Amino acid sequence: MFGLPFIDIAVIVGYFTIVIIIGFWAMRRISTQEDYFLGGRRFGKVIQTFAAFGQSTSPDTAVSVTTTTMTNGASGIWSSLNLLWATPIYWMICPWFRRLRITTMGDYFEERYDSKALAGLYAIVGALGLMVLLSVGYSAMSKTVLALTPKKVEEFTASERAEYESALELDRLETADYAALGSGDRARLRELQLARPHKIHSHINEKALVLIVSLCVLIYAAAGGLEAAFVTDTIQGMFILILSVMLLPFIWIKINTQFGTHGVLGALRVIHHQMPGSFFEVFGSPTTIDFTWYYIVAVTLMVVINIAVQANQITAVGSAKDEFTARFGFTTGSFMKRTATLLWGIFALMAALAYRGVVRDPDMVWGVAALDLLGPLKIGLVGLTIACFMAALMSTADCLMITCAGLLTRNLYRVAVPGRSERHYIMAGRVFGAVVLFGTAMIAMQFESLFEQIKFLWEFNVIFGASFWLGMLWRRANRRAAWVSVIVTVGAFFILPIFTPVLVPKLATNTSLSRTTDPKPLVRTYIAREADVEARAAEIARWENMNARGEGAGVRPEPLAVGQRFTKTYTLPARAIFWTDGVRIDDSGVKRGYGRLNADLVLIDALGFDLSKNPHALNETIRVIFRLFTPFLIIIVMGFLTKPDDARVLDRFYAKMKTTVRLDRDEDARELEHSYAQPHRFDHLKLFPDSNWEFCRWDKVDSIGFGISVVIAFAIVGAFFLIVHIGG
């Protein structure tokens, strides 16, 4: 069936059966909203560690790292590794989420700003953000499964064959030295880069696959609640670790067999010998437009700030039995993911050599590799790969689904329909879960690449990021300031970019807005490697053919020898400045912008800055910084211009946030009442006494844990550089 042997199908069915059984087993233990949405807050370190690892490691993580690394070289690993610098921060802020003692992040905005309306708006925005996050996993899973069930070339339809031929042509033009291309080939290269034709086509319809998986997840997740999610996360974490290492020995064998080397070091040396030097530039090769050092810094800062307000933090951390378990489990699980990221990066470096010229869409390379390396063994490993990806999606999906259902149930439905039974609200949560899952499936079908989804998610939480951080740390952050910040951010950065092109369709074909970057050709000097020699030989042969036909072939390329120093001219692809999904020629031959309109860049351009002269990465960096700091500036200005919120509400909130969580619930309740009665009992812990700032001094556990986390982060970066340069 679909090109898979019976044993692979049996492995997939067997795994799903086990997971569904766990879901219905956990269903028996659900009696309250806390049981369903937070697992009764009874999880220890092991469950919390694998829950943190599992809920943050959906199929997109391995696939997106592979995609961006194959596309951008070693610098592409930063697509996931940029979260590394947020990990030490987790050690410091995880106690916050546990000390809040709430069910959803929406409850935080209700308590801190004394506003059910603000909590309700957060519920909508937070749920939508998690749906986008989950949609990335859907896309990664579907692309991998499609790659594992490919059609043969002779089975292509006429349109699929035409697209396949265009993909082959694009491969040839992109590997050529731009300086050696004639004017016709340069124009054709630009045209094909905008079209992005696919080389691989599958027996399976992608949209049908996404909808079927959504239904399967719904049946399992709606039954068992968070406890089922976290128990399966532990199992799924094991599967993800298996997935992270399973293909490595096989791809090492493939490369060593092909090039006559042996061992891991032999394979790494081959990569350095065969691949261009630009491939190993950690902060962006000449061909990259996504990961320059300044873009990495900007995105890292955004991720560190925005990750804290993501709604699933309360679910993942607030379900721990005490705050040390919360911080230990989440930080350890996050470092497990960073380590796995290195393994995915190693695989991507290998795959770039093993499958260069074979895979047009790098999102599909994991599936292609699994089918190629594991399929011939016929012992169920392809089925295990599919099960791993599906398990990763399911365990992330149920956790995020329950988080979204909790937001919509507690902060919207419960406010509109108060006074109902716990069973009633649990059932409402299951209904909202269904809406979330199928809404996620619809979102997944709207994006053409994983990286575009990831970038959208990185930016989405700016809506409430400033309100969260300043609400935690500054008493003068008030309800009015939060509302103004949220309204301006949503309007300027999301509603306007999405709906303006719909209401004014002519904007999509506006000549000024359809401009692209116009990067200058870039000249770099390298030591020739085997890949460079082969590429130059192909360019010379092509030049000779064109010259023989009397076509304008440009200057004849000079032959290369391994070890020879040479220069190569690169042209970075022109990228749309104002449209998130790019600019392409439509069926009527008109240049048209697609996706959301970057209104902030339109404003900057209108002020007289010619953004077409900037590299695409610089424009993206400007946009990220503008979006990140605007909400903070609004709240700070409004905080000084308007009256503070009710002092009694603020005293009660900050007293609770300074009261350590006790393992015994009765003792914890007594300590809270003591703090509420004496709200200033912990003011001696403030770093800035008699001020509106609520920074507290670190204790021994804070300092040691943060220090160890920083050391581990630098160790992972060191391992990253070692892996990239070993054998070179």
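Going by the structure above, here's the rest.
Attention in this report is confined to the structure presented alongside it. What you are looking at is a predicted structure, and each value in this text was computed from that prediction instead of being measured.

**A word on the environment of Val270**
Inspection of the secondary structure assignment puts Val270 in helix α12 (residues 263-274). Val270 sits in the buried class, given a relative accessible area of 7%. Residues Val270 and Ile255, 15 residues apart in the sequence, show an inter-C-alpha distance of 7.8 Å. Beyond its immediate sequence surroundings of up to four residues, Val270 is in contact with Ile255, Phe259, Thr261 and Leu353.

**A short note on the packing of α12 against helix α15 (residues 323-354)**
At a minimum axis separation of 10 Å, α12 and α15 run at an interaxial angle of 55°. Comparing their axes, α15 and α12 come out oblique. Judged by the sense of rotation from one axis to the other, the crossing of α12 with α15 is left-handed. Contacts between α12 and α15 involve Ala267, Leu268, Val270, Ile271 and Gln274 from the former and Leu349, Met350 and Leu353 from the latter. Across the contact of α12 with α15, the residue classes tally to 7 nonpolar, 1 polar and no charged.

**Some words on unusual backbone geometry**
Positive phi is not limited to glycine here, since Arg101 has a value of about 55°. As for its position among the elements, Arg101 is in the loop between α6 (87-100) and α7 (105-113). Judged by relative accessible area, Arg101 falls into the buried class, the value being 16%. Residues other than glycine seldom take positive phi values, yet Asp114 does so here, at roughly 50°. You can see Asp114 is positioned in the loop between α7 and α8 (116-148).

**Thoughts on a nonpolar patch on the surface**
Residues Ile495, Ile498, Phe499, Val502, Leu503 and Val504 make up a contiguous nonpolar surface patch of about 580 Å² in total accessible area. For Ile498, the location among the structural elements is in helix α21 (residues 479-503).

**Some thoughts on the packing of aromatic side chains**
In total, this model carries 25 aromatic pairs according to the counting rule given. Taking 5.0 Å as the distance between ring centres and 75° as the angle between the ring planes, the aromatic pair formed by Tyr90 and Phe330 counts as edge-to-face. Pair noted here: Tyr90 is in helix α6 and Phe330 is in helix α15, with a separation of 240 residues, a long-range link. Just as Tyr90 is buried, Phe330 falls in that class too. Measuring from ring centre to ring centre gives 6.1 Å for Tyr413 and Phe432, while their planes differ by 70°; the resulting arrangement is edge-to-face.

**Quick look at the pattern of salt bridges**
In the structure shown here, the tally under the stated rule is 20 salt bridges. With a shortest N-O distance of 2.6 Å, Arg623 and Glu620 are connected by a salt bridge. Placement of both Arg623 and Glu620 in helix α24 (residues 616-641) is noted, with a separation of 3 residues, approximately one turn of the helix. The class of Arg623 is buried, set by a relative accessible area of 5%. Residue classification places Glu620 among the buried residues on the basis of a relative accessible area of 6%.

**Some points on the packing of α21 against α24**
Between α21 and α24, the least distance of the axes is 8 Å, while the angle of their chain directions is 150°. Regarding the angle of α21 to α24, the classification is roughly antiparallel. Crossing of α21 against α24: the hand is right-handed. Contacts between α21 and α24 pair Ala481, Val484, Ser485, Val488, Thr489 and Phe493 from the former with Phe626, Arg627, Thr630, Pro631, Ile634, Ile635, Met638 and Gly639 from the latter. Across the contact of α21 with α24, the residue classes tally to 9 nonpolar, 4 polar and 1 charged.

**Looking at the environment of Ala677**
Examined against the element boundaries, Ala677 turns out to sit in helix α26 (residues 665-677). In sequence terms Ala677 and Arg652 are 25 residues apart; their C-alpha atoms lie 8.8 Å from each other.

**Considerations on helix α16 (residues 365-374)**
For α16, a buried count of 8 out of 10 residues is recorded, marking the element as mostly surrounded by other parts of the structure. Every buried residue of α16 is listed here: Val365, Trp366, Gly367, Val368, Ala369, Ala370, Leu373 and Leu374.

Parameters and conventions
Residues numbered from 1 in each chain as written. Predicted model: local features only at pLDDT ≥ 70, side-chain atom pairs only at ≥ 80, totals over all residues. Heavy atoms only, no water. Helix = DSSP H or I, 4+ residues; strand = E, 2+ residues; numbered from the N terminus. Buried < 20%, exposed > 50% of the residue type's maximum accessible area, 1.4 Å probe, protein only. Contact = heavy atoms within 4.5 Å. Axes fitted to C-alpha atoms, helices over the stretch in contact; angles between N-to-C directions. Parallel < 35°, antiparallel > 145°, perpendicular 65-115°, else oblique. Left-handed = near helix turned anticlockwise from the far one by under 90°. Nonpolar A, V, L, I, M, F, W, Y, C, P; charged D, E, K, R; others polar. Patch = residues over 30% accessible without salt bridge, like charges linked within 9 Å, V, L, I, M, F, W, Y side chains within 5 Å. Areas by Shrake-Rupley, 256 points an atom, 1.4 Å probe, with all protein chains shown as cover. Salt bridge = Lys/Arg side-chain N within 4 Å of Asp/Glu carboxyl O. Phe/Tyr/Trp six-rings, centres within 6.5 Å; stacked < 30°, edge-to-face > 60°.

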